[in-house]
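Below, each chain spelled out in residue letters.
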Amino acid sequence: MADNMTVNREMFNDVMVPNYNPASMIPVKGEGARVWDQDGREYVDFAGGIAVNCLGHCHPAMVSALQEQSQKLWHLSNVFTNGPAIRLAKKLTEATFADRVYYANSGAEANEAALKLARRWAIEKHGEHKQKIIAFTKGFHGRTFFTVTVGGQPAYSDGFGPKPGGVDHVDYNNIDALKALISDDTCAVMMEPLQGEGGVVSPDVEFVKAVRELCDQNNALLIFDEVQTGFGRTGSLYAYEQLGVTPDILTSAKALGGGFPIGAMLTTTEIAEHLKPGTHGSTYGGNPLACAVSEAVFDIVNTKETLDGVKQREQWFKEQLAAINEKYNVFSEIRGQGLLLGAAMNKEYEGRARDFLLAGQEHGVMVLIAGANVVRFTPSLVISEEDVKEGLQRFEKAVAQVVGQ
Ligand SMILES: *Cc1c(COP(=O)(O)O)cnc(C)c1O
């Protein structure tokens, strides 16, 4: 089969497992915040590969890190260590509360490691009774069977037979519900410091503080899933910094690799000690190619210029989305933080977020949804003002089209 065989969207249905339903167009090229499809149509990308492409497409620093490393060493396995992995871990630990890093290849795997570590820590340190994990309704932590069970959307974990046990859920921002459930048997509380997939829902600052206190009172670990909020997305390297609460374990992925698959779990020396040699692992985790790219991304993201720039861009989006809403009255709220933003449908447009996404594609702008009611924006953290303007003008046309229907 020729490697230049022309493909089309219909062929997807013939050769792929039908768990996805991708767009009708097929992107072939990206540069910064712009993407081109097979027909040469150009799009402004506000989706950013679901909060992954934090420096846009094909950023020169990433391309050069990848090319350079690709000529030295691609892969070793964890039978050996490598320079990029250690350098990146040094940078991550210097920039955060953490002292130790475990590498994975995705968000779900980083969370799987976090949950297994929490269980080991609790059982070894406090005894077999301490196994309960508490998480939040509408939370999302990935698609492995453990992480999807801890996630707060039963629709994603039902229908696969017996689930991992010892997992309970309470409503996000409901401190009384957590207080009623947490006990000496609780091993960990896992949460997103801003729910992404669940609808771009911010926690109350008081709630997060209370979660930390309840964990402390019950000797439970606090795990922050920063797979979506992390690596500059909310305007600080990690969202916990702005909440004034420090977790015991933090997971990072998505923007961490800027488009190259990598995940990481960060924790303290004392907790890390419970993953002794042989207790957990990954063939690819800490792969030199992934770590070299991630290090290049880190060097740009973890600067005042980039992080302040996220706040600036947040303002551009919020102001222009508010102006669109003045005209068309479709949103009840524009929410979120940094460049993890959501426009929630008002009553009249309830359940129709996807219509806006599809109309956006027709008008040359890629956006995301978060549930049926929220249009989500997770663009490049360094998107230009011109691209923001152009993309939102296109989005306005999409809104006008949906409203006119
Ligand atoms: C995307 C996401 C995950 C899962 O990451 P994968 O790389 O798809 O496994 C986990 N947690 C949160 C908060 C996410 O947004």
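The residue count restarts for each chain, going from 1 along the sequence in the order it is written. Predicted model: local features are reported for residues with pLDDT of at least 70 only, side-chain atom pairs are reported and counted for 80 or more only, and whole-chain, interface and lining totals are derived from all residues. For side-chain calculations, the full set of non-hydrogen atoms in the structure is used, while hydrogens and water are omitted.

### What to know about the sheet that holds strand β2 (residues 34-37)
Adjacent strands of a sheet form backbone hydrogen bonds with each other and so pair up, either parallel or antiparallel.
For step 1, the next point in the chain: Strand pairing requires that DSSP identify at least two bridges connecting the strands. Secondary structure elements follow DSSP: runs of H or I no shorter than four residues count as helices, runs of E no shorter than two count as strands, and numbering proceeds from the N terminus. The 4 strands are arranged β1-β2-β3-β13 in an open sheet whose pairing can be described as mixed. At either margin of the open sheet sits one strand with a lone partner, and together these are β1 (27-31) and β13 (365-366).
For step 2, the next point in the chain: Pairing between strand β3 (residues 42-45) and β13: 2 bridges, direction parallel. Opposite V44, over in β13, you have V365 as the bridge partner.
For step 3, the next point in the chain: Strands in contact with helix α15 (residues 385-404) are β2, β3 and β13; relative to β3, the strand with the most contacts, it is inclined by about 110 degrees. When checking whether two residues touch, look at their non-hydrogen atoms; a contact exists if any pair is within 4.5 Å. Axis geometry follows a simple rule: fit a line to the C-alpha atoms, using only the stretch in contact for helices, then measure angles between N-to-C directions, giving values from 0 to 180 degrees.

### Description of the pattern of salt bridges
For step 1, the next point in the chain: Just to be clear on terms, a salt bridge is a Lys or Arg side-chain nitrogen sitting within 4 Å of an Asp or Glu carboxyl oxygen. Applying the stated criterion across every chain yields a total of 23 salt bridges.
For step 2, the next point in the chain: The salt bridge involving E68 is made with K72; its shortest N-O contact spans 3.7 Å.
For step 3, the next point in the chain: Of the charged contacts, one joins E396 and K327 as a salt bridge, the two residues approaching to 2.7 Å between their closest N and O atoms. Here E396 is found in helix α15, whereas its partner K327 is found in helix α13 (residues 304-328), with 69 residues between them in sequence.
For step 4, the next point in the chain: One network of salt bridges, in which partners are shared, links R34, E42, D387, E390 and R394.

### Focus on the nonpolar core
For step 1, the next point in the chain: Throughout this description, the term nonpolar core refers to a set of buried Ala, Val, Leu, Ile, Met, Phe, Trp, Tyr and Cys residues connected via side-chain atoms within 4.5 Å. Burial status follows relative accessibility: with a 1.4 Å probe on protein chains alone, a residue under 20% of its type maximum counts as buried, one over 50% as exposed, and anything between as partly exposed. Within the largest apolar cluster, 75 residues are counted, with the highest numbers of intra-cluster contacts made by F231, F377 and F395.
For step 2, the next point in the chain: Domain start and stop points were drawn from an automatic or database domain assignment. Inspection of this core shows a minimum of three residues originating in each of domain 1 (9-58 + 304-404) and domain 2 (73-301).
For step 3, the next point in the chain: Of all hydrophobic cores here, the second largest spans 23 residues; its members include A113, A122, A135 and I271.

### A short note on the pairing of strand β15 (residues 374-377)
For step 1, the next point in the chain: A two-sided burial pattern is seen for β15, the buried positions comprising V374 and R376 on one face and V375 and F377 on the other.
For step 2, the next point in the chain: Bridge count between strand β12 (residues 340-345) and β15: 4 bridges; the pairing is antiparallel. Its bridge partner lying in β15, A343 is registered against V375.
For step 3, the next point in the chain: The sheet contact formed by strand β14 (residues 368-369) and β15 spans 2 bridges and is antiparallel. Paired with L368 across the two strands is R376, which belongs to β15.
For step 4, the next point in the chain: Hairpin connection, β14 to β15: the antiparallel pair is bridged by 4 residues, and G371 has positive phi, about 80 degrees.

### Notes on the site of the ligand
For step 1, the next point in the chain: Near the ligand the following residues occur: S106, G107, A108, N111, F140, H141, G142, E192, D225, V227, Q228 and K254.
For step 2, the next point in the chain: Residues adjacent in sequence count toward polar contacts only when both atoms are side-chain atoms; beyond that, a polar contact is any pair of N or O atoms within 3.5 Å, and within protein one must be able to donate a hydrogen and the other to accept it. Here D225 contributes a side-chain N or O atom positioned 2.7 Å from a nitrogen atom of the ligand.
For step 3, the next point in the chain: Per-residue and other accessible areas were derived by the Shrake-Rupley procedure at a 1.4 Å probe size, with only the shown protein chains allowed to occlude residues. Look at the ligand: alone it shows 380 Å² of surface, and the protein chains cover 82% of it.
For step 4, the next point in the chain: For the shell around the ligand, the residue count by class is 3 nonpolar, 6 polar and 3 charged. What makes a residue near a molecule or strand is one non-hydrogen atom of that residue sitting within 4 Å of it. Each residue gets one label: Ala, Val, Leu, Ile, Met, Phe, Trp, Tyr, Cys and Pro are nonpolar, Asp, Glu, Lys and Arg are charged, and the others, such as Gly, are polar.

### A look at the packing of aromatic side chains
Geometrically, a pair of aromatic rings is defined through the distance of the ring centres and the angle of the planes.
For step 1, the next point in the chain: Side-chain rings of Phe, Tyr and Trp (the six-membered ring for Trp) are treated as a pair once their centres are within 6.5 Å; stacked means planes under 30 degrees apart, edge-to-face means over 60, and tilted covers the remaining angles. If you walk through the whole model with that rule in mind, you get 14 aromatic pairs.
For step 2, the next point in the chain: With a centroid separation of 6.1 Å and an interplanar angle of 75 degrees, the aromatic rings of F145 and F160 are classed as edge-to-face. On the criterion of sequence distance, the pair formed by F145 in helix α6 (residues 145-150) and F160 in the loop between α7 (154-157) and β6 (167-170) is long-range, its members being 15 residues apart.
For step 3, the next point in the chain: For F145, a relative accessible area of 29% corresponds to the partly exposed category.
For step 4, the next point in the chain: We classify F160 as exposed; its relative accessible area is 56%.
For step 5, the next point in the chain: Centre to centre, the rings of F317 and F377 are 5.8 Å apart; their planes meet at 50 degrees, and the pair counts as tilted. Pair noted here: F317 is in helix α13 and F377 is in strand β15, with a separation of 60 residues, a long-range link.
For step 6, the next point in the chain: Classification of F377 as buried rests on a relative accessible area of 0%.

### Focus: α13
Side chains that are three or four residues apart share a direction in an α-helix, a result of its 3.6 residues per turn.
For step 1, the next point in the chain: If you check α13, its first and last C-alpha atoms are 36 Å apart, about what 25 residues at 1.5 Å a residue would give, namely 36 Å.
For step 2, the next point in the chain: Among all positions in α13, only T306, L307, G309, V310, R313, E314, W316, F317, L321, I324 and N325 are buried.
For step 3, the next point in the chain: Buried residues belonging to α13 abut α12 (288-301), β11 (331-337), β12, β15 and α15.
For step 4, the next point in the chain: In the stretch just after α13, N329 is the one whose phi turns positive, near 50 degrees. In this analysis, the expected span of each helix is defined as 1.5 Å times one less than the number of residues it contains.

### Looking at the domain arrangement of the protein
For step 1, the next point in the chain: If you check the domain split of the protein, you get domain 1 (9-58 + 304-404) and domain 2 (73-301).
For step 2, the next point in the chain: The gap between the C-alpha centroids of domain 1 and domain 2 is 27 Å.
For step 3, the next point in the chain: With 25 residues of domain 1 at the contact, the number on the domain 2 side is 24 residues.
For step 4, the next point in the chain: Of all residues in domain 1, L307, Q337 and L340 bury the most surface against domain 2, accounting for 27% of the area lost on that side. Summed over both partners, the accessible area (1.4 Å probe) lost when two parts come together is defined as the buried area.

### Remarks on empty space enclosed by the protein
For step 1, the next point in the chain: Every definition here rests on a 1 Å grid over the protein atoms only: cavities are sets of points where a 1.4 Å probe fits but cannot get out, pockets are open sets enclosed by protein on both sides within 12 Å along at least five of seven lines, and lining residues have some atom within 4 Å of a point. Grid points are joined across faces, edges and corners, and a volume is the space filled by probe spheres set on the points. A complete count under the given rule lists 1 cavity of 30 Å³ or more for this structure.
For step 2, the next point in the chain: Taken as a whole, the largest cavity holds about 40 Å³ of empty space.
For step 3, the next point in the chain: Along the walls of the largest cavity sit H75, S77, N78, F80, N82, T283, Y284, G285, G286, N287 and P288, which together make up its complete lining.
For step 4, the next point in the chain: A per-class count over the lining of the largest cavity returns 3 nonpolar, 8 polar and no charged.

### Some details on the packing of α13 against α15
For step 1, the next point in the chain: At a minimum axis separation of 10 Å, α13 and α15 run at an interaxial angle of 25 degrees. It follows from the interaxial angle that α13 and α15 lie roughly parallel. Considering how the two elements wind past one another, α13 and α15 form a crossing that is right-handed. Packed against α13, whose contacting residues are W316, F317, Q320, L321, I324, K327 and Y328, the element α15 presents E385, V388, K389, L392, F395, E396, V399, A400 and V403 at the interface. The labels follow the angle: roughly parallel below 35 degrees, roughly antiparallel above 145, roughly perpendicular from 65 to 115, and oblique for the rest. Handedness of a crossing is defined here by the sense of rotation of the near helix relative to the far one, left-handed for an anticlockwise turn of less than a right angle and right-handed for a clockwise turn.

### Thoughts on the packing of helix α4 (residues 83-95) against α12
For step 1, the next point in the chain: Orientation of α4 relative to α12, taken along the N-to-C sense of each, is 35 degrees, at an axis distance of 8 Å. α4 and α12 meet at a crossing whose hand is left-handed. In contact with P84, A85, R87, L88, K91, L92 and A95 of α4, α12 contributes P288, C291, A292, S294, E295, F298 and D299.
For step 2, the next point in the chain: When the residues that make up the contact of α4 with α12 are grouped by side-chain class, the tally is 9 nonpolar, 1 polar and 4 charged.

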